[in-house]
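# Chain and residue survey
Letter by letter, the chains look like this.
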Amino acid sequence: MKSEEIKLTKFLNDKLGLDLTTTKNEFCYYDSTNNNYIVEYKFRAKYYQEKLIQVDKLFRLLMIAEHQNKAPIYIVSDPEGIFIYNLKHNLDYFLNTKIVVRKCPYRTEFAENKKINKYFYILSNKQLTKKL
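The text that follows walks through the structure, step by step, so that each part is easy to find. (Residues numbered from 1 in each chain as written. Predicted model: local features only at pLDDT ≥ 70, side-chain atom pairs only at ≥ 80, totals over all residues. Heavy atoms only, no water.)

### Notes on the overall build of the protein
Looking only at helices and strands, one finds three helices and nine strands in the protein. Reading the protein from its N terminus to its C terminus gives the helix and strand order α-β-β-β-β-α-β-β-α-β-β-β. Taken against the 2.2 N^0.38 rule, which gives 14 Å for 132 residues, the C-alpha radius of gyration of the protein at 14 Å falls within 12% of a compact globule. Burial status across the protein gives 39% buried among its 132 residues. The long-range fraction of contacts in the protein, counting pairs at least 24 apart against all pairs at least 6 apart in sequence, stands at 55%. Here the protein has roughly 8600 Å² of accessible surface; of this, 50% comes from carbon and sulfur atoms. In the protein, the 23 positive side-chain charges and the 15 negative ones have mean positions that sit 4 Å from each other. (Helix = DSSP H or I, 4+ residues; strand = E, 2+ residues; numbered from the N terminus. Rg over C-alpha atoms; globule rule 2.2 N^0.38 Å. Buried < 20%, exposed > 50% of the residue type's maximum accessible area, 1.4 Å probe, protein only. Contact = heavy atoms within 4.5 Å. Areas by Shrake-Rupley, 256 points an atom, 1.4 Å probe, with all protein chains shown as cover. Lys, Arg positive; Asp, Glu negative; His and termini not counted. Charge placed at Lys NZ, Arg CZ, Asp CG, Glu CD.)

Set out below in structure tokens:
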């Protein structure tokens with residue numbers, strides 16, 4: 001997975017001039033950073049109109065970003081494009097919307113596919129900051 005993160009970081013730097021650096025720690029709570037942002041990537045092999053962000057991931061990113069005086073960014077990459085969400089700009093939305101529960105594998109990357117309830121917010125085009 002790290003190669004996808006490195007490739008996306010390079011693309012974003014080339015396209016948007018962000019000067020992002022990919023995190024070295026494979027288990028870091030975010031994937032890249034610069035002086036202004038912490039960025040978490042989600043890679044999807046299939047396009048879904050509604051993007052999801054796990055509730056625990058959202059709040060962790062918000063807290064880390066606040067501690068580091070940076071903006072938390074969530075990026076979903078799928079066959080239709082790269083969808084960029086500034087989570088801080090969407091705080092009112094998160095505080096005033098319902099959490100959805102979905103049965104999902106515990107962890108897909110490590111083949112721990114026992115399904116459990118996971119809790120998400122749905123991100124639509126209203127929360128979208130930029131699409132590439």
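### Side note on helix α2 (residues 55-67)
Between the first and last C-alpha of α2 there are 19 Å, a value that for 13 residues agrees with the 18 Å anticipated at 1.5 Å per step. Taken as a whole, α2 has its buried residues at V55, K57, L58, L61, L62, I64 and A65. Positive phi shows up at N69, right after α2, with a value of about 55 degrees. (Expected span 1.5 Å × (residues − 1).)

### Concerning empty space enclosed by the protein
Within this structure, the stated rule accounts for one cavity of 30 Å³ or more. Empty space within the largest cavity amounts to approximately 30 Å³. In terms of lining, the largest cavity is formed by Y47, Y48, Q49, K51, F83, Y85 and N125. Classifying every residue of the lining of the largest cavity by side-chain character gives four nonpolar, two polar and one charged. (1 Å grid on protein atoms, 1.4 Å probe; cavity = no way out; pocket = protein on both sides within 12 Å on 5 of 7 lines; lining within 4 Å. Points joined across faces, edges and corners; volume = space filled by probe spheres on them. Nonpolar A, V, L, I, M, F, W, Y, C, P; charged D, E, K, R; others polar.)

### Things to note about the packing of aromatic side chains
Pairs of aromatic rings are described using the distance from one ring centre to the other and the angle between the two planes. As enumerated under the stated definition, the model contains five aromatic pairs in all. Ring centres of Y47 and F83 lie 6.5 Å apart, and the angle between their planes is 40 degrees; this geometry places the pair in the tilted category. Of this pair, Y47 sits in the loop between β3 (37-43) and β4 (51-54) while F83 sits in strand β6 (residues 81-86), and the two are 36 residues apart along the sequence. For Y47, a relative accessible area of 36% corresponds to the partly exposed category. We classify F83 as buried; its relative accessible area is 5%. Between F59 and Y121 the ring centres are 6.4 Å apart and the planes differ by 70 degrees, which places this aromatic pair in the edge-to-face class. With F59 in helix α2 and Y121 in strand β8 (residues 112-123), this pair connects stretches of sequence that are 62 residues apart. A network of ring pairs unites the aromatic residues F59, Y93, F94 and Y121 as a single cluster. Across from the ring centre of F83, 4.0 Å away, lies the NZ or CZ of K51, which sits over that ring. (Phe/Tyr/Trp six-rings, centres within 6.5 Å; stacked < 30°, edge-to-face > 60°. Lys NZ or Arg CZ within 6 Å of the ring centre and 35° of its normal.)

### Some words on the pattern of salt bridges
If the charged atoms of two oppositely charged side chains come close together, the side chains can form a pair. Here the structure, examined in full by the defined rule, presents four salt bridges. Here D56 and R60 are joined by a salt bridge, their closest N and O atoms 3.3 Å apart. Placement of both D56 and R60 in helix α2 is noted, with a separation of four residues, approximately one turn of the helix. (Salt bridge = Lys/Arg side-chain N within 4 Å of Asp/Glu carboxyl O.)

Treat this as a map of the structure, not an account of what it does.
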